[in-house]
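What follows is each chain in one-letter form.
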There are 2 protein chains.
Amino acid sequence: MNRQESISDKKEHLKSFIKTKGLKSTRQRDIIVTEFLKTEGHVTAEEFYRKINRRHKNIGFTTVYRTLKLLAESGLAAEQVFADNLTRYESLLGEEHHDHLICQKCGSITEFKDNKLENMQVKIADELGFQILNHKMEFYGYCSNCRK
Amino acid sequence: MNRQESISDKKEHLKSFIKTKGLKSTRQRDIIVTEFLKTEGHVTAEEFYRKINRRHKNIGFTTVYRTLKLLAESGLAAEQVFADNLTRYESLLGEEHHDHLICQKCGSITEFKDNKLENMQVKIADELGFQILNHKMEFYGYCSNCRK
DNA sequence: CATAATTTTGAAAATGAATTTCAATTTCTT
DNA sequence: AAGAAATTGAAATTCATTTTCAAAATTATG
Ligand SMILES: [Zn+2]
Ligand SMILES: [Zn+2]
Ligand SMILES: [Zn+2]
Ligand SMILES: [Zn+2]
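Residues numbered from 1 in each chain as written. Chains lettered and ligands numbered in written order. Predicted model: local features only at pLDDT ≥ 70, side-chain atom pairs only at ≥ 80, totals over all residues. Heavy atoms only, no water.

## Let's talk about the overall build of chain A
Item 1. Scanning chain A from N- to C-terminus turns up five helices and six strands.
Item 2. For chain A, the α and β elements follow one another from N to C terminus as α-α-β-α-α-β-β-β-β-α-β.
Item 3. Considered along the principal axes of its C-alpha atoms, chain A spans approximately 45 × 40 × 30 Å.
Item 4. Considering chain A as a whole, with its 148 residues, one finds that 43% of them fall into the buried category.
Item 5. Nonlocal contacts in chain A, meaning residues at least 24 apart in sequence, comprise 52% of its contacts between residues at least 6 apart.
Item 6. Of the roughly 8500 Å² of accessible surface on chain A, 47% is carried by carbon and sulfur atoms.
Item 7. Looking at chain A, you have 25 positive and 21 negative side-chain charges, and the mean spots of the two groups are 8 Å apart. (Helix = DSSP H or I, 4+ residues; strand = E, 2+ residues; numbered from the N terminus. Buried < 20%, exposed > 50% of the residue type's maximum accessible area, 1.4 Å probe, protein only. Contact = heavy atoms within 4.5 Å. Areas by Shrake-Rupley, 256 points an atom, 1.4 Å probe, with all protein chains shown as cover. Lys, Arg positive; Asp, Glu negative; His and termini not counted. Charge placed at Lys NZ, Arg CZ, Asp CG, Glu CD.)

## Observations concerning the protein's contact with DNA strand C
Item 1. Around DNA strand C, the structure places 21 residues, and the nearest of them are Lys24, Thr26, Asn58 and Arg66 of chain A together with Tyr65 of chain B.
Item 2. Restricting the count to atoms of DNA strand C within 4 Å of the protein gives a sugar and phosphate share of 68%.
Item 3. Side-chain polar atom of Gln28 of chain A to a sugar or linking oxygen of DNA strand C: 3.1 Å apart, as the coordinates give it.
Item 4. Contact distances for DNA strand C include 2.4 Å between a phosphate oxygen and a side-chain N or O atom of Tyr65 of chain B.
Item 5. Elements that contribute at least two residues to the surface near DNA strand C include exactly helix 2 (27-38) and helix 4 (61-74) of chain A together with helix 4 (61-74) of chain B.
Item 6. Among the elements that make up the surface near DNA strand C, the one with the highest residue count is helix 4 of chain B (five residues).
Item 7. Classifying every residue of the surface near DNA strand C gives five nonpolar, 10 polar and six charged. (Near = heavy atom within 4 Å. Polar contact = N/O pair within 3.5 Å; in protein donor to acceptor, adjacent residues only side chain to side chain. Nonpolar A, V, L, I, M, F, W, Y, C, P; charged D, E, K, R; others polar.)

## Here's the deal with the relation of the copies chain B and chain A
Item 1. Overlay of chain B on chain A (RMSD 0.1 Å): rotation 180°, translation along the axis 0.0 Å. Those values place the two copies in the arrangement expected of a two-fold rotation axis. Relative to the rotation axis, the closest C-alpha in chain B is found at Met137 of chain B, a distance of 2.2 Å.
Item 2. In this assembly the copies share their binding face: 100% of the residues contributing to the interface of chain B also contribute to that of chain A. (Least-squares fit on C-alpha atoms with pLDDT ≥ 70 in both.)

## Thoughts on the packing of aromatic side chains
Item 1. Here the structure, examined in full by the defined rule, presents eight aromatic pairs over all chains.
Item 2. Residues Tyr49 of chain B and Phe61 of chain B carry aromatic rings whose centres are separated by 5.8 Å and whose planes lie at 85° to one another, so their mutual orientation is edge-to-face. In this pair, Tyr49 of chain B is assigned in helix 3 (residues 45-55) and Phe61 of chain B in helix 4, connecting sequence segments 12 residues apart.
Item 3. On the basis of relative accessibility, which here comes to 32%, the residue Phe61 of chain B falls in the partly exposed class.
Item 4. In this arrangement the basic side chain of Lys105 of chain A is found over the ring face of Tyr142 of chain A, its NZ or CZ atom lying 5.3 Å from the centre. (Phe/Tyr/Trp six-rings, centres within 6.5 Å; stacked < 30°, edge-to-face > 60°. Lys NZ or Arg CZ within 6 Å of the ring centre and 35° of its normal.)

## Side note on the nonpolar core
Item 1. Residues Phe112, Leu117 and Phe139 of chain A together with Phe112, Leu117 and Phe139 of chain B are the most contacted members of the largest nonpolar core, which totals 24 residues.
Item 2. Counting only elements with at least two residues in this core, the list comes to strand 4 (99-103), helix 5 (115-127) and strand 6 (131-142) of chain A together with strand 4 (99-103), helix 5 (115-127) and strand 6 (131-142) of chain B.
Item 3. Of all hydrophobic cores here, the second largest spans 23 residues; its members include Phe17, Ile18, Ala45 and Ile59 of chain A. (Core = buried A, V, L, I, M, F, W, Y, C linked by side-chain atoms within 4.5 Å.)

## Notes on the coordination of the zinc ion (ligand 3)
Item 1. Coordination sphere of the zinc ion (ligand 3), protein contribution only: Cys103 of chain B (SG), Cys106 of chain B (SG), Cys143 of chain B (SG) and Cys146 of chain B (SG), at 2.2 to 2.4 Å.
Item 2. Around the zinc ion (ligand 3) sit four donor atoms; with metal-centred angles ranging over 102 to 115°, the donor geometry is tetrahedral. (Donors = N, O, S within 2.8 Å, 3.2 Å for Na, K, Ca; no water. Tetrahedral: all angles 85-135°; square planar, octahedral: opposite > 155°, others 65-115°.)

This is the structure in structure tokens:
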């Protein structure tokens, strides 16, 4: 399964979501979705709108905003809020659950996943009788570049 | 060390903070701080203002808001934002660092601390060359009451 | 293909929590 | 007591997010 196939898989996923929900597929949505699934990292609606706007002067912020919401609803994007209180979107294309390291100097957001940690979380919650549906774990500090 | 002593310790702490910063101590601040240090749980500025306002009609929201900020700056309160994107304040009176379980049905916020988990976090960050200054860990799901 | 029905678009307006402004008041220092 | 400096609080502002609404685009139907 290469990256190209994966993207079209995702587009199919969204198309069936759109159909199920009685929505219509449009030129704007196609462009936004295609661009988004190719985008790495964690972008705000504003940032992503600016990127789209470079090539597509006729696509408005509101549509970009709404399409990102749609992607999140359909499960193709993750919506996240870090300490700066801005909502960011991340493509879930080929990504599985992971947590984040956020550098307070350069602002870089890097990702990590540790199964032992994840298992431990479930175990702790279990002992407290709490059923975890999802969790948020973020480390704030200095990345390897900035700590020097 | 009983609770009463602890409260006055904290007030001393704040007083010296106020002095060091060249601030003044006022009737309003005294009332707000005293009330806050007695408050359990995680309150928004708005909620806490309403509580203060019951007995003190002449203390404004802005002053409550600013005093909570001051408490956070001085280290006597923790400022936190959970998934609903509201800023909450928690008294650190007799509390040490802990993480949160947030029930998505009843909204209850409970606390837990697990040293093994905390140690593991530091270790993971270390391996990635990341220097943790602070972290955020929240579990979202159903509390033991609501999962039934 | 034409028409109707429904959804989408996007500029502009609204929302709402957080923050700032500023004139009047209070506190602190001398 | 007077002056300097900080605080107060109502109102205004900010700013990301969300909603509104009329025009345009898409889909369904005949
Ligand atoms: Zn960095
Ligand atoms: Zn990520
Ligand atoms: Zn509950
Ligand atoms: Zn807490």
